[in-house]
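In case you want the letters, here they are:
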Amino acid sequence: MGNGLKTVFFLIGSAFLTRLIPFSSFFRNLDTMIHEFGHAIITLAVSGKVMYIELYANHSGVTYSQIMNNWSSIPVSLAGYMTASLFAVFLFKMRAGGKQRLGLQVMTVVSIMALVLFVRNEFGVMWLVGFIALNIVMLALVPRWLRDFYYLLLAFLTLEESVMGPISLIVYALENPATAGDAANLSRVTPIPAIGWAVLFTLFSLWCAKNAIVAFLERKKKRPVRQQPQEPYY
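Here is what the cut-offs are and how they apply
- Residues numbered from 1 in each chain as written.
- Predicted model: local features only at pLDDT ≥ 70, side-chain atom pairs only at ≥ 80, totals over all residues.
- Heavy atoms only, no water.
- Helix = DSSP H or I, 4+ residues; strand = E, 2+ residues; numbered from the N terminus.
- Buried < 20%, exposed > 50% of the residue type's maximum accessible area, 1.4 Å probe, protein only.
- Areas by Shrake-Rupley, 256 points an atom, 1.4 Å probe, with all protein chains shown as cover.
- Pairing = 2+ DSSP bridges.
- 1 Å grid on protein atoms, 1.4 Å probe; cavity = no way out; pocket = protein on both sides within 12 Å on 5 of 7 lines; lining within 4 Å.
- Points joined across faces, edges and corners; volume = space filled by probe spheres on them.
- Core = buried A, V, L, I, M, F, W, Y, C linked by side-chain atoms within 4.5 Å.
- Contact = heavy atoms within 4.5 Å.
- Patch = residues over 30% accessible without salt bridge, like charges linked within 9 Å, V, L, I, M, F, W, Y side chains within 5 Å.
- Salt bridge = Lys/Arg side-chain N within 4 Å of Asp/Glu carboxyl O.

> Looking at this structure, how should I read the overall build of the chain?
Of the regular secondary structure elements, the chain holds nine helices and two strands. Listing each helix as α and each strand as β along the chain from the N terminus yields α-α-α-β-β-α-α-α-α-α-α. Buried residues in the chain amount to 44% of all 234 residues. On the chain, roughly 13,000 Å² of surface is accessible, and the fraction owed to carbon and sulfur atoms is 66%.

So this is what it looks like as structure tokens:
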């Protein structure tokens, strides 16, 4: 079976199975937070100003910012979906290397930065506080098997949401291009219509998903190194 088909089957399977896990909806906001955090960081990188971020209970979010010119909006608008997709790959790469603890620490640090620097609405603040507290518990108090299961749940939810977001964007772009979020913003400053950007986001997310699944399937288990008998030297 090719990697493309494996990616599709894993995405469908994870979409089904993760919905059977209680409270999985809570963790889907991780992808939203990473998406908006990507917007914020690139805004600062192009000398813009981030006013604040809002995260909502329906897994959507928005970053309010000021930028110097229209062309600066291109990298800022690209950053959201691309950062979320790349972050999903990062999580699976960390797992492939047996570094789930480090991956969880990175999630926690990013969440703390988002809470301190950017997020200001009530739901967003409460969600971040809860997520950070739960991560600290997982890092400090629970057995490794439970922490690794928690990490894998977050990784698959982030992967699934990073793909479903751009696919939803295609639907919005077809029904009403003005409501297509980042794709609509990009269409205003480039010759490419919103549907074109939505398709590009989707293709990029699928490419990232393929790399994430490959990392998941090719994880190498650590094996004990067999000691070779020592030859005596005189």
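Back to the write-up after that little detour.
> Sorry if this is basic, but what is going on with the pairing of strand β1 (residues 49-55) here?
Regular strands show a simple pattern: their side chains alternate between the two faces of the sheet. Where β1 meets strand β2 (residues 61-66), six bridges bridge the pair, whose relative direction is antiparallel. Residue pairing for β2: E54 is matched across the bridge by V62. The turn linking β1 back onto β2 is made up of five residues, and H59 within it adopts a positive phi angle of 70 degrees.

> Explain the layout of surface pockets to me, please; I cannot follow it from the model alone.
The gaps left among the atoms become clear once a water-sized probe is rolled over them. Volume-wise, the largest pocket comes out at about 890 Å³. Around the largest pocket, the lining comprises 34 residues; the ones closest to its centre are H35, E36, G61, Y81 and D182. Looking at the lining of the largest pocket, the elements with two or more residues in it are α3 (29-45), β2, α4 (73-96), α7 (144-175) and α8 (181-189).

> Honestly, unusual backbone geometry in this entry has me stumped. Any pointers?
A positive phi is found at S47, a non-glycine position, where the angle reads about 65 degrees. Summarising the element assignment, S47 is placed in the loop between α3 and β1.

> Help me understand the nonpolar core in this model?
Proteins that are soluble and globular tend to have nonpolar side chains buried together. Counting residues in each nonpolar core, the largest one holds 43 residues, and the members touching the most others are M33 and M107. At the level of secondary structure, the elements contributing two or more residues to this core comprise α3, β1, α4, α5 (100-117), α6 (122-140), α7 and α9 (194-217). Sort the elements by how many residues they give to this core and α7 lands first, with nine residues. Look past the residues within four positions of M33 in its chain and what remains in contact with it is L55, V110, S111, A114, W127 and L128. Within the second largest apolar cluster, 13 residues are counted, among which are A173, A180, A184 and F201.

> Would you mind showing me how to read a nonpolar patch on the surface here?
Taken together, the side chains of V109, I112, M113, V116 and L117 make up a nonpolar region of the molecular surface, amounting to roughly 420 Å² of accessible area. Within the secondary structure, V109 is located in helix α5. Look at V109 and you get partly exposed, because its relative accessible area is 44%.

> I would appreciate a short explanation of the environment of L128 in the present structure.
One can find L128 in helix α6. Distance in space between the C-alpha atoms of L128 and L55 is 9.4 Å, their sequence separation being 73 residues. Each residue touching L128, except ones within four places of it in the same chain, is listed here: M33, L55, S111, A114, L115 and V119.

The quantities given are spatial measurements derived from coordinates; they are silent on function.
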